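Inside the fold
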Amino acid sequence: MNLILLGPPGAGKGTQAKMMIDRYRIPQISTGDILRASLKERTPLGLKAKEYMDKGLLVPDEVVIDIIKTRIKEDDCRNGYILDGFPRTVAQAQALDKVLAAMNSGIDHVISIEVDKGELIKRLTGRRTCRQCGRGYHVIFDPPVNKDLCDKCQGELYQRDDDNEDTVRNRLEVYDAQTFPLIQYYREKNLVRSIDGQGGIQQIFDRIIQVLS
Ligand code: AP5
Ligand code: MG
């Protein structure tokens, strides 16, 4: 099953993808996580991407398209994958369609997670992430037992550089202008499954399972 998780920053794409990995036994492919991992290794790609990410802007299409083209051909994607944060522009979606057509493959479902703007800002400014395993937390909505350590692996928790209120506002504007039009793009292909993204984390997971069954 080839899935796209579509939704604004803070909608819960990463949170839900991590739960879906266990359920469906397919990998999560997050372009944001891949770019942050490149930055951690101080590669030219990561350092270049940081200039855009810190401002809340999208990195250029060709950069992320190249990443995805390589990644979806890897062995663990044989039975499918969950694209998290890609595509984010119509040009990215068209490029993906082209790559998949050449592989005789396609997208099965686009899960569109919908959340109010005020809630998104609260979620993002309170997010903490584990440096070691990538699990996400929220200081109020999903707090770890120890405020600085991951419950799962005891890794150190950190706050993303782009999770301050000014950058969050830019990211939300960029989403409205450049990513929101993708819902219509995929609606025309009859692939969109809309999910109410407000409520408990488990409750939203149950909604996703239901639309996929
Ligand atoms: P990326 O890392 O993809 O960030 P994003 O899209 O802005 O989305 P987030 O990761 O912030 O949100 P999420 O939906 O995953 O929410 P989460 O589950 O963590 O991209 C970062 C940057 O990289 C971009 O700005 C861009 O520069 C670049 N980039 C990446 N991909 C690109 C592309 N394709 N093209 C160009 N540039 C690209 O949840 C958020 C918080 O809410 C957490 O604290 C969580 O615990 C909490 N939470 C989750 N669910 C609930 C709930 N139901 N109730 C209460 N709290 C909840
Ligand atoms: Mg994410």
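Quick summary incoming for the structure in this document. These numbers were taken from a predicted model, which means no experiment stands behind them. (Residues numbered from 1 in each chain as written. Chains lettered and ligands numbered in written order. Predicted model: local features only at pLDDT ≥ 70, side-chain atom pairs only at ≥ 80, totals over all residues. Heavy atoms only, no water.)

1. Focus: the pairing of strand β3 (residues 81-84)
Going residue by residue along β3, you find Y81 and L83 tucked away on one face and I82 and D84 tucked away on the opposite face as well. Taken together, the four bridges between strand β1 (residues 2-6) and β3 define a ladder with parallel strand orientation. Bridging from a neighbouring strand, N2 pairs with Y81 of β3. (Buried < 20%, exposed > 50% of the residue type's maximum accessible area, 1.4 Å probe, protein only. Helix = DSSP H or I, 4+ residues; strand = E, 2+ residues; numbered from the N terminus. Pairing = 2+ DSSP bridges.)

2. Describing helix α1 (residues 13-24)
An ideal rise of 1.5 Å per residue puts 16 Å on 12 residues; α1 measures up with 15 Å between its terminal C-alpha atoms. Contacts from the buried residues of α1 go to β1, β2 (28-30), β3, β4 (109-114) and α9 (201-212). Once α1 finishes, R25 follows within two positions and takes phi at roughly 60 degrees, a positive value. (Expected span 1.5 Å × (residues − 1). Contact = heavy atoms within 4.5 Å.)

3. Some words on the packing of aromatic side chains
Enumeration over the complete set of coordinates arrives at one aromatic pair. Ring geometry for Y185 against Y186: centres 5.0 Å apart, planes inclined by 90 degrees, an arrangement best described as edge-to-face. One Lys or Arg, R131, reaches over the ring of Y158 and ends 4.5 Å from the middle of that ring. Above the plane of the ring of Y137 lies R135, whose end atom (NZ or CZ) is 4.1 Å from the centre. (Phe/Tyr/Trp six-rings, centres within 6.5 Å; stacked < 30°, edge-to-face > 60°. Lys NZ or Arg CZ within 6 Å of the ring centre and 35° of its normal.)

4. Regarding helix α2 (residues 31-40)
Turning to α2, its buried residues number three or more, namely T31, G32, L35, R36, S38 and L39. Seen from one end, α2 has its buried residues packed into an arc of 155 degrees, which puts them on one side. Those residues of α2 that are buried are in contact with β2, α3 (44-53), α4 (61-71), β3 and β7 (157-158). Positioned one or two residues after α2, R42 has a phi angle of 55 degrees, which is positive. (Arc of directions from axis to C-beta.)

5. A word on the sheet that holds β2
Pairing is parallel in the open sheet, where five strands are placed in the order β2-β3-β1-β4-β8. On the outer flanks of this sheet lie β2 and β8 (192-196), each paired with one strand and no other. On average, each strand axis in the sheet is tilted by 25 degrees relative to the strand beside it, whichever way the strands run. Looking at chain direction, β4 and β8 are connected through five bridges and run parallel. Looking at β8, one finds that I111 is bridged to R193. Together, β2 and β3 form the strand contacts of α2, whose direction differs from that of β2 by roughly 65 degrees. (Axes fitted to C-alpha atoms, helices over the stretch in contact; angles between N-to-C directions.)

6. Concerning unusual backbone geometry
Going from F86 to P87, the amide bond is cis rather than trans, its omega being -5 degrees. With respect to the helices, strands and loops of the structure, P87 is situated in the loop between β3 and α5 (90-102). Located in the positive-phi region is N190, a residue other than glycine, with phi close to 65 degrees. When its relative accessible area of 62% is taken as the criterion, N190 is described as exposed.

7. Overview of the sheet that holds strand β5 (residues 127-130)
Spatially, the three strands line up as an open sheet ordered β6-β5-β7, and their pairing is antiparallel. On the outer flanks of this sheet lie β6 (136-138) and β7, each paired with one strand and no other. Where β5 and β6 come together, three bridges link them in antiparallel fashion. By the bridge assignment for β6, R128 is matched with Y137.

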